[in-house]
Amino acid sequence: MSSVFDFNDELKTSAQELTDAHLKIKKIHHIHEKESDELMHLDDEIIQIAESTGINLKGIIETTAEELTTTSRFQWDDDFFLSYNPLLVDARVKEEIYRNPEILPPLSNLDYAIVGIAGLVATLLDFLVVKIPNDINYLGRYQQDGSSFTKWLKTLGINQEGRLNQFLQWCEDNCKVSYDQSINPNIRGFNPRSHRLLSLGHDPLFGLIFGTLDILNGSMTAFDINGKLHIVKTFDLPLQDKVFAPLIWLGHIISDMCTKMGVPIPGWAFLQIMQFGSYSSNTKNIADISRWMYLNGYDLRHFLTMSSPVAVIEIIIRGYYYLSSLYRPEQIQHHLHSSIANKEIYQIKSNLKLNKMLFLAHAISSSGNALKLFTYSGNPLAINLPQWIFFVKESVSILQVANRDTTVEKIIRNRDIGIIFDF
């Protein structure tokens, strides 16, 4: 009997030990499940942090899902730290922090449509309105029609007989200047048709300087057709006239604008210095071409005609820019009540958008003028000088934008990203 009781005691003891072992196993399993949940939560946080720095960790885990089921559940730890160790993540974060902002802000489809419309309208004006200054048989082979608008401008200030109106005639009679010689045998190529081009006092812009000095000194400053500068003594005006030299210069320029030859485009006389280059089979240099252009009507009045496509682009783009800003009152008010840095960033981006639209529109119009020059068989009279000036101006603005200091923009951007991701 004692052996039976001993056997029962052993069974009870074994059963108790098994129960205790089972409880310990369940407790350990519970601890492992809790740790697994914490690890999975930590896994999600690491994935989110990795994605914010540009690492697609979730994709890596999904592609290796089968391997993870057959191996240790913590093997992805090894993959992460082997492939994306903390040093690499730190480098990626620094790269994101120091990444330069966009050089130019993106444009919407409507913005591009407005740019295209402005450039197209300007090109049509260049072809249909600007054309060339006068009717001409270019190279003796191509009969080309001049601009009707320029012809109309040339009728202003004169009567049917070609005489100046009363006001302009008064200016001509009372605004005598020392640089108004029409013939000078000592200056090569200086004649009644070319004297306003070669005489710097007749320049509508720089003439204020050279013309005033000539009036005060009783001289004439002029180029010859070889690009050599001459200062010729002519005659002295009365002292009371010299006191009002700038006004006398202005009155004389106004009276000359409506004459047959008109006055040259501002700065056009300085092209006489450019005694190089060749054009066509006649091997004319740049100075020769510019002089030929002036003699064939490429003067200040045609310059006004050529400015019409440029004016259209500026009106359309700037008008759209202003009107579109009126439809963003909430955004504007937000930036007006922000910090000074935010206001500056908003203004910078707004100006960059305007610069980008103007650049693209002028680029389209300049390309159209290049096409026009081709259709006019290379006639230099077809060149739209104001259009190319504005295209160069906007190109310089874009270059300045590309080399601007972006430190403040980086700081504001990184601060905003940090707020979003709770860094």
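The structure we're discussing is the one just above.
Presented here is a report on the structure given in the accompanying data block. Remember, predicted model here, so these are calculated numbers, not experimental data. (Residues numbered from 1 in each chain as written. Predicted model: local features only at pLDDT ≥ 70, side-chain atom pairs only at ≥ 80, totals over all residues. Heavy atoms only, no water.)

## Quick look at the overall build of the protein
1) Next: Helix and strand counts for the protein come out as 18 helices and 4 strands.
2) Next: Out of the 423 residues belonging to the protein, those deemed buried represent 38%.
3) Next: Pairs at least 24 residues apart make up 71% of the contacts formed inside the protein by residues separated by at least 6 positions.
4) Next: Roughly 25,400 Å² of accessible area belongs to the protein as shown, and the carbon and sulfur atoms make up 63% of that amount. (Helix = DSSP H or I, 4+ residues; strand = E, 2+ residues; numbered from the N terminus. Buried < 20%, exposed > 50% of the residue type's maximum accessible area, 1.4 Å probe, protein only. Contact = heavy atoms within 4.5 Å. Areas by Shrake-Rupley, 256 points an atom, 1.4 Å probe, with all protein chains shown as cover.)

## Things to note about unusual backbone geometry
1) Next: The phi angle at Leu-139 is positive, at roughly 60°, despite the residue not being glycine.
2) Next: Tracing the backbone through its elements, the reader meets Leu-139 in the loop between strand 1 (136-138) and strand 2 (142-144).
3) Next: Positive phi, normally seen in glycine, also occurs at Ser-377, with a value near 60°.

## Re the side chain of Glu-394
1) Next: Looking at the secondary structure, you find Glu-394 in helix 17 (residues 385-402).
2) Next: Overall, Glu-394 belongs to the buried group, its relative accessible area being 1%.
3) Next: Setting aside anything within four residues of it in sequence, one finds Glu-394 in contact with Asn-355, Leu-358, Phe-359 and His-362.

## Some remarks on the packing of helix 8 (residues 166-174) against helix 12 (residues 245-257)
1) Next: At a minimum axis separation of 8 Å, helix 8 and helix 12 run at an interaxial angle of 130°. In terms of their interaxial angle, helix 8 and helix 12 are classed as oblique. Crossing hand, helix 8 versus helix 12: left-handed. In this structure, helix 8 uses Phe-167, Leu-168, Cys-171 and Glu-172 to contact helix 12, whose residues at the interface are Gly-251, Ile-254 and Ser-255.
2) Next: Across the contact of helix 8 with helix 12, the residue classes tally to 4 nonpolar, 2 polar and 1 charged. (Axes fitted to C-alpha atoms, helices over the stretch in contact; angles between N-to-C directions. Parallel < 35°, antiparallel > 145°, perpendicular 65-115°, else oblique. Left-handed = near helix turned anticlockwise from the far one by under 90°. Nonpolar A, V, L, I, M, F, W, Y, C, P; charged D, E, K, R; others polar.)

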